[in-house]
Amino acid sequence: MNNMIRTAMISVIATAYTTTAHAQIDGGALEYMLQRPRVAKQWQHKKPFDHLFVDGGIGTSVMGARKPEFGLSGGFNIGDWITPEHGVRLNINTGEWSTQGVKSKYTTLGLDYLLNITAIAQSGRYYTPKRFEVYGIAGAALAIAHNAGPADYGIDVHLGLRGQLALSRNVYAYLEPRFGLVEDQISQVNNWHGWRPFTTLTMGFGYRLPVVRKHYAAPDKTKHSFADGIFVSGLVGATFLSNAHNASWGDYAGVRPMASVGKWFDPYNAVRLSLSAVTMRPTDQKRTKALSSQVEYMLNLSNVLTGAYPERTFWLNLLGGVSFNRSNCQPYGLKNSWGVSGGLQANVRISRGLSFVIEPRVDIYNKHFIQQNGHFKPYNVMPSLLTGFVYTYHDRYAIERRANGDCGTKKVSISIAGGLASTSTKMKQSDYWMPTARLSYTQWLRSANGLRFSLDGTMRRYTAEGRYAKAVADFDWLADLTAMNYGTENRAWLSLRSVVGFAIGADYGAHKAYFAPDVHAGGQARIRLSSTTGLFVEPTMAYELSDRFKGKNWGRVTPRVLVGIDYVLNREKHTSELNEAPEQKNVVDVSGGMGFYSGNFGKVSGTKKLTYNVRAGYGRWLNGVHGVYGSVSETFLKRDTEHTNHITTVAADYMMNIRNAITGEQNDDRLFQLTGLAGVQMGISSGEGRKTKVVPGVNVALQAGWRLSRHFEIYAEPSAVVHGKGIEDSNSPAHGELKFSIGTKFHF
């Protein structure tokens with residue numbers, strides 16, 4: 001009884017207290033007694049890829065618990081901070097696992113979630129980047145490993161922690177330990193539980209886009225960025241040994257290519273760093289090959305003599321410097337030498353940043369440079385005449401354009417190109433020249449940089465080694481050097497661009513298929529045909545990472561040249577119309593068609609090579625461009641005259657309204673529609689006399705549709721599917737399907 005009375009009194013007192021508090025404090029006392037929820041950080045004006053970053057590093061890997069063994073590792077990352085606290089990155093790692101005396105080389109393709117712990121700890125709605133930040137990492141990766149036998153695939157899952165130190169506003173250094181589990185087929189050593197723990201420690205450097213675009217934060221014609229005056233050049237020409245006997249000058253003639261990068265510190269003075277090569281073969285003697293690294297001072301004579309004038313169409317530069325050289329010639333071997341240089345450079349302006357140059361120069365080396373010349377004099381005098389192009393970045397023009405409010409708009413471009421590719425060791429054999437084709441989509445950013453996604457195909461005609469083919473997806477970063485001066489709305493007839501990126505795909509040749517990634521770099525020269533159309537030439541050099549080139553380091557180098565046409569769409573992306581989902585945001589569809597499957601193509605003949613497929617799916621649009629899609633499909637294929645097998649797939653896809661993305665407006669009521677699909681799937685292979693197998697895969701598709709009414713649409717769809725290893729009893733790392741289907745959609 002006493003307890004009941006005590007409880008009632010406490011309740012009355014509590015009620016009276018909260019009532020009084022509510023009367024005294026606006027909002028009620030309980031609101032102040034309880035902890036307020038933390039406010040999530042956000043970017044003030046977030047747009048896709050505004051906070052993109054790229055980085056790479058090297059380090060060590062450790063595998064094994066009782067007897068840990070060390071190996072080398074390296075990685076490349078590209079990602080984006082969706083909010084100041086949450087980010088995502090795509091990473092490629094490669095290295096060597098070592099355990100129980102077995103060494104396996106591996107490559108992984110992973111997706112990681114990033115948590116900015118420093119941002120969480122900072123108060124307020126908006127985040128101010130700190131000099132030192134700590135990130136949490138969690139993710140998974142698909143790995144491929146190789147030791148003595150065929151390559152194996154597996155999965156790894158991992159957690160990590162990164163400490164990141166800002167070296168400047170855009171450049172940073174990092175240290176990243178990671179811990180995880182990897183399947184046995186990657187370590188190439190089996191144990192009873194099928195997986196092994198691992199640890200990696202990586203350090204490296206990275207670059208992140210500035211929150212406020214560089215050069216445009218505070219326009220001031222008297223203040224320029226460090227990039228103002230930086231130039232790059234490529235030259236090539238003839239050279240000869242002048243202190244040889246004049247009757248043998250023709251015997252001591254050679255070719256000198258040179259690539260340079262430098263900076264003008266003011267209208268008069270510059271420093272240039274160059275890398276050049278010389279090759280010559282005197283009569284009846286071995287060929288000499290020499291590589292030179294040079295540092296040279298440059299003086300603009302025209303500005304010194306007549307005054308600084310940045311709009312000159314012709315000017316002369318005086319240059320001089322020193323070089324360190326490495327020469328090789330049999331039977332003398334590899335020799336080091338030093339040299340001095342001097343010369344003139346005549347420049348003819350083609351556009352604001354581009355000039356054509358003629359450079360007569362003289363280089364003087366000691367006797368070890370041209371070793372066959374040792375019986376003449378203890379030094380070598382080599383005049384050269386080089387020609388080429390120089391591109392200079394003028395930040396002052398970009399600042400003036402920004403001050404005048406003329407900085408251009410974002411653009412999207414699509415392009416198609418074709419050309420030839422070869423390997424560096426087969427370039428002289430025309431049988432090994434490979435036709436190549438590419439279809440690309442590029443999103444250009446305000447700062448004249450762009451992200452390009454491409455689908456590439458390469459095939460060599462049939463030779464004694466069989467036919468070779470390669471299909472990859474390219475991911476490239478483009479920088480329009482000319483647009484940095486003129487703005488993205490430039491009307492220059494010639495634009496120069498740099499290209500750097502990587503590719504992921506597969507190749508097939510000599511009855512074997514391999515995972516075939518590469519890294520590549522190059523340039524692009526574009527001629528403006530109209531306000532929307534351009535003709536371009538794009539030479540690139542790729543380094544193949546496929547196991548097909550194992551032991552052939554120089555043979556991995558693959559040069560190629562493409563010629564193509566691009567079409568630019570002038571518009572502002574992400575208009576208000578596209579932020580909302582369409583009125584009919586749900587869609588169901590059914591389709592059917594025919595195709596080809598690599599697993600049965602060589603086992604049957606005639607029309608039995610054809611496969612038949614049906615599919616049913618459901619999709620939902622999240623906004624005017626992006627959506628999600630799920631489907632179930634069935635493929636029927638012939639194994640022989642009596643048996644039919646099945647491949648059943650369950651897929652989850654990303655869905656894009658490509659027409660809306662290109663035009664920047666909702667056009668669901670238009671007759672023609674264009675939709676893209678890309679995603680992952682799980683395939684189930686079954687049939688008479690065959691063991692049922694379940695394997696992962698990826699798929700892409702393009703739907704060209706016609707709206708019959710507000711709710712109904714018919715479409716034609718070409719698609720491609722890549723199934724993982726194991727769907728067939730073979731050593732091939734993957735099998736694929738090509739399909740063509742006709743279907744109908746219902747929008748509601």
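The structure contained in this document is the topic of the report that follows.

About the thresholds
- Residues numbered from 1 in each chain as written.
- Predicted model: local features only at pLDDT ≥ 70, side-chain atom pairs only at ≥ 80, totals over all residues.
- Heavy atoms only, no water.
- Helix = DSSP H or I, 4+ residues; strand = E, 2+ residues; numbered from the N terminus.
- Contact = heavy atoms within 4.5 Å.
- Pairing = 2+ DSSP bridges.
- Axes fitted to C-alpha atoms, helices over the stretch in contact; angles between N-to-C directions.
- Phe/Tyr/Trp six-rings, centres within 6.5 Å; stacked < 30°, edge-to-face > 60°.
- Buried < 20%, exposed > 50% of the residue type's maximum accessible area, 1.4 Å probe, protein only.
- Lys NZ or Arg CZ within 6 Å of the ring centre and 35° of its normal.
- Core = buried A, V, L, I, M, F, W, Y, C linked by side-chain atoms within 4.5 Å.

**Notes on the environment of Ala 616**
Then, in step 1: Within the secondary structure, Ala 616 sits in strand 27 (residues 610-621).
Then, in step 2: Expressed as a C-alpha distance, the spacing of Ala 616 and Ser 591, which sit 25 residues apart in the sequence, is 6.7 Å.
Then, in step 3: With residues near it in sequence (within four places) discarded, Ala 616 still touches Asp 589, Val 590, Gly 630, Ser 631 and Val 632.

**Things to note about the pairing of strand 3 (residues 86-99)**
Then, in step 1: Note that strand 2 (residues 69-81) and strand 3 share nine bridges and pair antiparallel. Considered in strand 3, the bridge of Asn 77 is made with Asn 91.
Then, in step 2: Hairpin connection between strand 2 and strand 3: a loop of four residues separates the two successive antiparallel strands.
Then, in step 3: Linking two consecutive strands that pair antiparallel, namely strand 3 and strand 4 (residues 102-116), is a turn of two residues; a positive phi of about 50° is found at Gln 100 within it.

**A few points about the sheet that holds strand 29 (residues 644-657)**
Then, in step 1: Pairing in this closed barrel of eight strands is antiparallel, and the strands run 26-27-28-29-30-31-32-33 around the ring. Taken over all neighbouring pairs, the strand axes of this sheet differ in orientation by 25° on average, direction set aside.
Then, in step 2: Both strand 30 (residues 672-687) and strand 31 (residues 690-707) contribute to a ladder of 15 bridges, which runs antiparallel. Bridging across to strand 31, Gln 681 finds its partner in Gly 697.

**Here's the deal with the sheet that holds strand 1 (residues 52-63)**
Then, in step 1: The eight strands lie next to each other as 1-2-3-4-5-6-7-8, forming a closed barrel whose pairing is antiparallel. Averaged over all pairs of adjacent strands, the angle between strand axes in this sheet comes to 25°, irrespective of strand direction.

**A closer look at the packing of aromatic side chains**
Then, in step 1: Under the counting rule described, the total for this entry stands at 13 aromatic pairs.
Then, in step 2: Taking the centre distance of 6.4 Å and the plane angle of 35° together, the rings of Phe 53 and Trp 81 count as tilted. One end of the pair, Phe 53, is in strand 1; the other, Trp 81, is in strand 2, and 28 residues separate them in sequence. Grouping residues by exposure puts Phe 53 and Trp 81 together as buried.
Then, in step 3: Over the face of the ring belonging to Tyr 174 we find Arg 162, whose NZ or CZ atom lies 3.7 Å from the ring centre.
Then, in step 4: Above the plane of the ring of Tyr 715 lies Lys 745, whose end atom (NZ or CZ) is 5.4 Å from the centre.

**Details of the nonpolar core**
Then, in step 1: If you look at the biggest cluster of nonpolar residues, it comprises ten residues: Phe 231, Leu 235, Met 258, Trp 264, Ala 270, Met 298, Leu 319, Val 357, Leu 386 and Val 390.
Then, in step 2: Listed by contribution, the elements that provide at least two residues to this core are strand 9 (230-240), strand 10 (253-264) and strand 16 (379-392).
Then, in step 3: If we skip the residues at most four places from it in the chain, Trp 264 touches Asp 228, Gly 229, Phe 231, Asn 269, Ala 270, Met 298, Leu 299, Asn 300, Asn 317 and Thr 392.
Then, in step 4: Counting nine residues, the second-largest nonpolar core is a separate cluster that includes Met 280, Tyr 365, Ile 370 and Met 382.

So yeah, pure geometry; function would need other evidence.
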